[in-house]
Amino acid sequence: MAETYALSIHVESYEFSGEFYLVGDRYDTGGEVLKHVATDHILAMKQRPHAAEYLLETLQEGENVSKSEYKQAEPDVSCGLHFDVDHQQFRFWVGDYSVDIGRQPTKSDLRSIADDLSM
């Protein structure tokens, strides 16, 4: 049975600075959440010329939950990602571990980093 996970996504740019939250139960480890959920969000952000486009698209899809729902989730796996949009820098974190991803990660790079974090 899949574990409950909570993923926070912090976006920092000149257009917007804030955080939103996802909660789900399809994955068993933080590494899987990073590989299958966070990686998709990083790639989506990279493909948008402005943070606002990414945010509108993501929020319209309705995946996100409120901060209070996120805090009440009591997940088995807690992880997140941070976008510094203006500097094109990304960071994954799971548990007490984090890693800077850099400016131009590929899907393969991101999945490899997620695998390393889940060990």
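Reference entry: report on the structure contained in this document. (Residues numbered from 1 in each chain as written. Predicted model: local features only at pLDDT ≥ 70, side-chain atom pairs only at ≥ 80, totals over all residues. Heavy atoms only, no water.)

### A short note on the side chain of H41
Argument step 1. Structurally, H41 is set in helix α1 (residues 30-46).
Argument step 2. Apart from residues lying up to four places away in sequence, H41 is in contact with I9, L22, Y54, T58, E63, L81 and F83. (Helix = DSSP H or I, 4+ residues; strand = E, 2+ residues; numbered from the N terminus. Contact = heavy atoms within 4.5 Å.)

### A word on the pattern of salt bridges
Argument step 1. Counting across every chain of the model gives one salt bridge.
Argument step 2. Linking D100 and R91 is a salt bridge whose minimum nitrogen-to-oxygen distance equals 2.8 Å.
Argument step 3. Take D100: its relative accessible area is 53%, and that puts it in the exposed class.
Argument step 4. Judged by its relative accessible area of 31%, R91 falls in the partly exposed class. (Salt bridge = Lys/Arg side-chain N within 4 Å of Asp/Glu carboxyl O. Buried < 20%, exposed > 50% of the residue type's maximum accessible area, 1.4 Å probe, protein only.)

### Section: the packing of α1 against helix α4 (residues 107-117)
Argument step 1. Running from N to C, α1 and α4 cross one another at 150°; their axes reach a closest spacing of 9 Å. By the angle between their axes, α1 is roughly antiparallel relative to α4. Here α1 and α4 pass one another in a crossing that is right-handed. Listed contacts from α4 to G31, L34, K35, H36, T39, D40, I42 and L43 of α1 are K107, L110, R111, A114, D115 and L117.
Argument step 2. Class assignment of the residues belonging to the contact of α1 with α4 gives a composition of six nonpolar, three polar and five charged. (Axes fitted to C-alpha atoms, helices over the stretch in contact; angles between N-to-C directions. Parallel < 35°, antiparallel > 145°, perpendicular 65-115°, else oblique. Left-handed = near helix turned anticlockwise from the far one by under 90°. Nonpolar A, V, L, I, M, F, W, Y, C, P; charged D, E, K, R; others polar.)

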